[in-house]
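Listed here are the chains, written in short residue letters.
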Amino acid sequence: MKYTLLLAPIAATKGLALGRSGMPSLNGHKAESHIPLAKDAMTYLDQSPDPFHCVHTSSNMLIDAGFVELDDLKPYNGNLRPGGKYFFTRNKSTLVAFAVGHKYEPGNGFKIIGGHTDSPNLKIKPRSKRSGSGCTQLAVECYGGGLWHTWFDRDLGISGRVLVRNGNKIEQKLVLIDHAVVRIPTLAIHLQTAKERESFSVNKEDHLVPILATEVKKQLTGDKGNSESGNNDSNSDSNNGWLEYQEPILLQMIASKLDIKVDQIVDFELSLFDTQKAALGGAFSEFLHSARLDNLASCFMAVKGLVQYSGDKQKFQKDDQISMIALFDHEEVGSSSATGAGSPIMGEAVNRITNALSDGKASPDLLASSVSSSFVLSVDQAHAIHPNYASKHEKGHAPKMNDGMVIKRNANQRYATNVITGVIVREIAKKAELPPVQEFVVRNDCGCGSTIGPIISTNTGIRAIDMGCPQLSMHSIRETMGICDLTNGLNLFTAFYHHFGEVDSSIQN
């Protein structure tokens, strides 16, 4: 996939003292030098409204860079070689890609960057029909821990995958309805009590039901069914145990988008998303505003970093390890699934790849050696200090946007970072002459989140560190980060692939 970067001129703000280019200097570079990468990230974000599209977009980037897709149902033995670049997917929502160093020897380690493809959203329920007060709605379910009040009064589209019957086969197709087809309106202030206005509490079952149309559509489509109960006329030919419980307008939109007939639709897995595109913001375009920065910003940098590093012949030809990315689904709901970080995917990948590159003769001792030599950068967005809520951060550990990547630590092991893994990353940044990494520790009187680092380490024994780019408004429908941190993150990822072996061997075991 090739991205065309069209950079609009950014006018200087009247009255501000700016350099000759009209841009301030950020992290030693003009802010405008970070914009091409930010534009690239914006394209990636806009094309990836759900995990299925994220994996599809990432796969296209890998294919364009010469990566070969593996059939995960067949043995790897005989299909891998040093210098080769490969990837596979699971459930079309999790992706693993890797590049085998030209000087790789069996038992050498894996340099892994891990992230997740999912974000909090509203998923359409298995029985999508719902209506109320003369409006046709869609039944939705909350996925993850979203800031649900931010979903009100947004122009929402629908995306995901659809199972389509084609003769005797059932195919999977991606669907993207990228315009404002549904909306969740707020209640007018005049109809709220003072207490309701103050709290703005959301009943997730009653208040988050999006409106699709008015029920005048029944006269247009001939649908006489009872959407409230989810039952159609029992004599209808559409009674097959699934179709009669679906909103006809939704099915018609899907069929039109995919150029199929409604009765070919077998099932779907669909989510709502904000149709507003990613955008640069701030007086100097130093911010990136977008949905799903947590954690598609990390996914973008991981794919870009692996492609960039493996395409550098001078560095890659000297590499004796395996450079990998692993982008998992279901992190926002605990990672306990067949495609989450809690699944066997990571351990299986390390074992299968090592065995295939050992002509199928990898012993348990060789596999254990490979695991002990490996390392995971678990990359998930971090909390930047909020100027309006600065007291929510621990005073000595308050990361700032556009000031470098953030190492996340927690003494109670909510994050995988320890003193050794932290030093390894700091030394890599120093060797590559990158901005010093920032540190985040949660306040003692505040709960601490977690991510995939501890899960991967527990399941595989691979050393790990948790880190990420600092951002604001995490789990809002629209989030904010600094564009310099995309550059900082990408540079750190490529430096990790290049310098990890040297740095790791310099630290006493």
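Just so it is clear, the structure is predicted and the values come from calculations on it, not from any experiment.

## Side note on the side chain of Asp-294
Thinking step 1. By the secondary structure assignment, Asp-294 is in helix H6 (residues 293-310).
Thinking step 2. Of the buried charged residues, Asp-294 lacks a salt bridge, with Lys-408 as the closest side chain of opposite charge at 7.2 Å.
Thinking step 3. Beyond its immediate chain neighbours, meaning those up to four positions away, Asp-294 contacts His-116, Asp-118, Ser-119, Glu-332, Asp-380, Gln-381, Gln-471, Met-474, His-475 and Glu-479.

## Structural notes on the pairing of strand E14 (residues 287-290)
Thinking step 1. Burial of the side chains of E14 is restricted to one face: Leu-288 and Ser-290 are buried, whereas none of Phe-287 and His-289 on the reverse face is.
Thinking step 2. Bridging between strand E13 (residues 279-281) and E14 involves three bridges; their strand directions are antiparallel. Opposite Leu-280, over in E14, you have Leu-288 as the bridge partner.

## Thoughts on the pairing of strand E5 (residues 94-100)
Thinking step 1. Of all seven residues making up E5, seven are buried, and the element is well covered by its neighbours.
Thinking step 2. Alternating positions in E5 separate into two faces, Thr-94, Val-96, Phe-98 and Val-100 on one and Leu-95, Ala-97 and Ala-99 on the other, with burial throughout.
Thinking step 3. In terms of strand pairing, strand E4 (residues 85-90) meets E5 through six bridges, oriented antiparallel. Looking across to E5, one finds that Phe-87 is bridged to Ala-97.
Thinking step 4. Sheet topology note: the E5/strand E15 (residues 322-328) ladder contains six bridges and is antiparallel. The partner of Leu-95 across the bridge, within E15, is Leu-327.

## With respect to the environment of Tyr-245
Thinking step 1. Within the element layout of this structure, Tyr-245 appears in the loop between helix H4 (217-221) and helix H5 (248-258).
Thinking step 2. For Tyr-245 and Pro-126, which are 119 residues apart along the polypeptide, the C-alpha to C-alpha distance reads 8.4 Å.

## Re the sheet that holds strand E22 (residues 479-482)
Thinking step 1. Strand order in the open sheet formed by five strands is E13-E14-E22-E21-E17, with mixed pairing between adjacent strands. With partners counted over all chains shown, the strands left at the sheet margins are E13 and strand E17 (382-383), one partner each.
Thinking step 2. Contacting E14, strand E21 (470-472) and E22, H6 crosses the sheet at an angle of about 40° to E22.
Thinking step 3. Its contacts with the sheet put helix H12 (residues 483-506) on E13, E14, E21 and E22, and the angle it makes with E22 is roughly 65°.

## Notes on the packing of helix H10 (residues 419-431) against H12
Thinking step 1. H12 packs onto H10 with a crossing angle of 110° between their chain directions and a minimal axis gap of 9 Å. Taken together, H10 and H12 sit at an angle that is classed as roughly perpendicular. Helix-helix and strand crossings are classified by hand; for H10 and H12 the assignment is right-handed. Within the contact between the two elements, H10 uses Ile-424, Val-425, Glu-427, Ile-428, Ala-429 and Lys-431 and H12 uses Leu-492, Ala-495, Phe-496, His-499, Phe-500, Glu-502, Val-503 and Asp-504.

## Section: unusual backbone geometry
Thinking step 1. At the junction of Asp-294 and Asn-295, the peptide bond is cis and its omega measures out at 15° in the coordinates.
Thinking step 2. Looking at the element boundaries, Asn-295 is found in helix H6.
Thinking step 3. Here the phi dihedral of Asp-359 falls at roughly 60°; this positive angle occurs in a residue that is not glycine.
Thinking step 4. Along the chain, the position of Asp-359 falls in the loop between helix H8 (345-356) and helix H9 (364-372).

## Observations regarding the packing of aromatic side chains
Aromatic ring pairs are described here by two measures, namely the spacing of the ring centres and the angle between the planes.
Thinking step 1. Taken as a whole and judged by the stated rule, the model has twelve aromatic pairs.
Thinking step 2. Consider the rings of Phe-152 and Phe-200, whose centres lie 5.5 Å apart with planes at 65°: the pair is edge-to-face. Of this pair, Phe-152 sits in the loop between strand E8 (135-143) and strand E9 (156-166) while Phe-200 sits in the loop between helix H3 (194-199) and strand E11 (211-214), and the two are 48 residues apart along the sequence.
Thinking step 3. Taking relative accessible area as the criterion, Phe-200 reaches 33% and is therefore assigned partly exposed.
Thinking step 4. Between Phe-375 and Phe-496, the aromatic rings sit 6.0 Å apart at their centres with planes inclined by 50°, giving tilted as the arrangement. Of the two residues, Phe-375 sits in strand E16 (residues 375-379) while Phe-496 sits in helix H12, which places them 121 residues apart along the sequence. Assigned by exposure class, Phe-375 and Phe-496 land together as buried.

Rules and cut-offs
- Residues numbered from 1 in each chain as written.
- Predicted model: local features only at pLDDT ≥ 70, side-chain atom pairs only at ≥ 80, totals over all residues.
- Heavy atoms only, no water.
- Helix = DSSP H or I, 4+ residues; strand = E, 2+ residues; numbered from the N terminus.
- Buried < 20%, exposed > 50% of the residue type's maximum accessible area, 1.4 Å probe, protein only.
- Lys, Arg positive; Asp, Glu negative; His and termini not counted.
- Salt bridge = Lys/Arg side-chain N within 4 Å of Asp/Glu carboxyl O.
- Contact = heavy atoms within 4.5 Å.
- Pairing = 2+ DSSP bridges.
- Axes fitted to C-alpha atoms, helices over the stretch in contact; angles between N-to-C directions.
- Parallel < 35°, antiparallel > 145°, perpendicular 65-115°, else oblique.
- Left-handed = near helix turned anticlockwise from the far one by under 90°.
- Phe/Tyr/Trp six-rings, centres within 6.5 Å; stacked < 30°, edge-to-face > 60°.

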